[in-house]
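Close look at the chain arrangement
The primary structure of each chain is shown beneath.
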Amino acid sequence: ILNNENFNLAQGDITDAFSVSRILKEYVHVDEIYNLAAQSHVAVSFKQPALTWDITGKGCLNILQSMIDLDMLSVRFYQASSSEMYGKNFDTRDSLLSNVERYQDEETKFLPQSPYAIAKCAAHYMTRLVREGYGMHASAGILFNHEGPRRGETFVTRKITKWIGEYCKWKQKGIRLTPGVHDIDFTPNPDLIYRVAHDEVKTFPKLRLGNLEAYRDWGYAGDYVEAMWMMLQQESPDDYVICTGKTHTIREFLGVAFSHVGIKDWSNCVVQDPEFYRPAEVDYLRGCNDKAVDKLGWTPKHSFEELVRMMVDHDVKKHRNDNI
Ligand code: G4F
């Protein structure tokens, strides 16, 4: 994208209202503004709540207030809202045990469970306010988890696929596997995977994760970006849930990812570590995309299994090519 002659990178800081306003002054005649700026890691938001608030919450205010002050009321605006805003809305047990299928949609109440989600709620309501108060074409996409090979390496999906890529590379490293790891005559460290070849013992750190029971409605990021653009092409602004309508646990993600590289039982590869549990968890996310399908004509094009395999394939290939 940096080589595209139509692409301009302007340097600024979303938390600094003067900086935002200075940049927007140079671009008052643009057609559309998309705000995807965030400290978007939920676990990090518990450790850096004020920073998260400044970027994720106040950042949106800084853009919208600058647009009002600069009389940019006819510029279309997109806010990246998040399914994290639903928070504690459904209890997993309720959702699974009740006979009725349960989904979150545009009418579902927000019960945010993290500083990140609270900041996203503030930005969401600010977007609605400028739409209703100033007549701006401001829309919010309530996006459920969207993933792909470009996902940051500390989010659970990419953390898993990156580990698999590194592990496959390690396994390939030319050591002939000797059957019977049990023959090792010392107590193995349960945090490590061992391989023995002749007299040589090789180790690899296991994948350390937190809660494996949470449900997420995971889709492919590329499909979701298309939905963002479609929202701003509508005659009227509105809020839309963007999701697949299907939900899976982290455990299920692990199952599909590991079996794609031929590992049926992944239990010896993963360690559950309290460090990766959060002070408050969002147990169950499953969206209803009826409104986006009906009004935007949008549908997700990639299934959960395709998404997982795409990410695993990317990381296996990446690490095979890297000289690690
Ligand atoms: O991948 P995650 O960190 O994503 P999370 O918290 O659902 O948030 C993502 O999706 C939101 C949309 O709903 C976005 F708004 C947000 O910006 C971000 O993109 O965690 C997913 C689940 C959680 O339940 C977490 O507790 O995975 C669980 N998990 C288990 N072990 C882990 C880990 N999460 C991370 N990041 N790292 C772990 O080791």
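If you're wondering where the values come from, they're calculated on a predicted model, not measured in any experiment.

Focus: the pairing of strand E1 (residues 32-35)
- The side-chain alternation of E1 yields one buried face, formed by Ile 33 and Asn 35, and one unburied face, formed by Glu 32 and Tyr 34.
- With 4 bridges connecting them, E1 and strand E2 (residues 76-82) associate as parallel partners. Residue Asn 35 lies in a different strand from E2, and its bridge partner there is Gln 79.

Quick word on the sheet that holds E1
- The 4 strands lie next to each other as E1-E2-E3-E10, forming an open sheet whose pairing is parallel. Two strands lie at the open edges of the sheet, namely E1 and strand E10 (239-242), each paired on one side alone. Recorded for the sheet is a direction-independent mean angle of 20° between the axes of neighbouring strands.

Looking at helix H1 (residues 17-26)
- Those residues of H1 lying buried are Ser 19, Val 20, Ile 23 and Leu 24. For H1, the arc enclosing every buried residue in end-on projection is 130°, short of the 170-degree limit, so these residues lie on one face. Exposed positions of H1 whose direction lies more than 90 degrees from the buried face are Phe 18 and Lys 25.
- Buried residues along H1 sit against E1 and helix H3 (49-69).

Here we look at the pattern of salt bridges
- With the rule as written, the count across this model stands at 14 salt bridges.
- The closest approach of N and O atoms between Arg 208 and Asp 191, which form a salt bridge, is 3.4 Å. Residue Arg 208 is located in strand E7 (residues 207-209), and its partner Asp 191 is located in the loop between helix H6 (156-171) and strand E5 (192-197); the two are separated by 17 residues in the primary sequence.
- By relative accessible area, Arg 208 is classed as partly exposed at 28%.
- Assessed through its relative accessible area of 30%, Asp 191 is described here as partly exposed.
- Asp 238 serves as the salt-bridge partner of Lys 291, at 3.0 Å between the closest nitrogen and oxygen.

Side note on the environment of Lys 301
- Within the secondary structure, Lys 301 is located in the loop between helix H9 (290-296) and helix H10 (304-321).
- Given the relative accessible area of 52%, Lys 301 is considered exposed.
- When the C-alpha atoms of Lys 301 and Arg 22 are compared, they prove to be 39 Å apart, with 279 residues separating the residues in sequence.
- Here Glu 226 takes part through its side chain, which lies 2.8 Å from a polar atom of the side chain of Lys 301.

Quick look at the packing of aromatic side chains
- Counted under the stated rule, the structure contains 15 aromatic pairs.
- Consider the rings of Tyr 215 and Tyr 284, whose centres lie 5.3 Å apart with planes at 50°: the pair is tilted. Residue Tyr 215 is found in strand E8 (residues 215-216), and its partner Tyr 284 is found in the loop between strand E12 (270-272) and H9; the two are separated by 69 residues along the sequence.
- The exposure class assigned to Tyr 284 is buried, which follows from its relative accessible area of 2%.
- Clustering of aromatic rings is evident, with ring pairs tying together Trp 163, Tyr 167, Trp 170, Phe 204 and Phe 258.
- Lying over the aromatic face of Phe 155, Arg 151 brings its terminal NZ or CZ to 3.9 Å of the ring centre.
- Of note, Lys 291 hangs over the ring of Tyr 240, and the distance from its end group to the ring centre comes to 5.2 Å.

Describing a nonpolar patch on the surface
- On the surface, Ile 1, Leu 2 and Leu 9 cluster together into a nonpolar patch covering about 410 Å² of accessible area.
- Among the secondary structure elements, Leu 2 is positioned in the segment before H1.

Here's the deal with the layout of surface pockets
- The computed volume of the second largest pocket comes to approximately 900 Å³.
- Asn 8, Ala 10, Ile 23, Ile 33 and Tyr 34 are the residues nearest the centre of the second largest pocket, which is lined by 19 residues in total.
- Of all the elements in the fold, those that place two or more residues in the lining of the second largest pocket are H1 and E1.
- In terms of residues, the lining of the second largest pocket owes the most to one element, E1, which gives 4 residues.

Considering the site of the ligand
- Close to the ligand lie 25 residues; Ser 82, Ser 83, Tyr 116, Arg 278 and Glu 281 are nearest.
- Here Tyr 116 contributes a side-chain N or O atom positioned 2.8 Å from an oxygen atom of the ligand.
- One of the side-chain nitrogen or oxygen atoms of Arg 151 is found 2.8 Å away from an oxygen atom of the ligand.
- Those elements giving two or more residues to the shell around the ligand turn out to be H6 and E7.
- For the shell around the ligand, the class distribution of residues is 10 nonpolar, 8 polar and 7 charged.

Thresholds applied
- Residues numbered from 1 in each chain as written.
- Predicted model: local features only at pLDDT ≥ 70, side-chain atom pairs only at ≥ 80, totals over all residues.
- Heavy atoms only, no water.
- Buried < 20%, exposed > 50% of the residue type's maximum accessible area, 1.4 Å probe, protein only.
- Helix = DSSP H or I, 4+ residues; strand = E, 2+ residues; numbered from the N terminus.
- Pairing = 2+ DSSP bridges.
- Axes fitted to C-alpha atoms, helices over the stretch in contact; angles between N-to-C directions.
- Arc of directions from axis to C-beta.
- Contact = heavy atoms within 4.5 Å.
- Salt bridge = Lys/Arg side-chain N within 4 Å of Asp/Glu carboxyl O.
- Polar contact = N/O pair within 3.5 Å; in protein donor to acceptor, adjacent residues only side chain to side chain.
- Phe/Tyr/Trp six-rings, centres within 6.5 Å; stacked < 30°, edge-to-face > 60°.
- Lys NZ or Arg CZ within 6 Å of the ring centre and 35° of its normal.
- Patch = residues over 30% accessible without salt bridge, like charges linked within 9 Å, V, L, I, M, F, W, Y side chains within 5 Å.
- Areas by Shrake-Rupley, 256 points an atom, 1.4 Å probe, with all protein chains shown as cover.
- 1 Å grid on protein atoms, 1.4 Å probe; cavity = no way out; pocket = protein on both sides within 12 Å on 5 of 7 lines; lining within 4 Å.
- Points joined across faces, edges and corners; volume = space filled by probe spheres on them.
- Near = heavy atom within 4 Å.
- Nonpolar A, V, L, I, M, F, W, Y, C, P; charged D, E, K, R; others polar.

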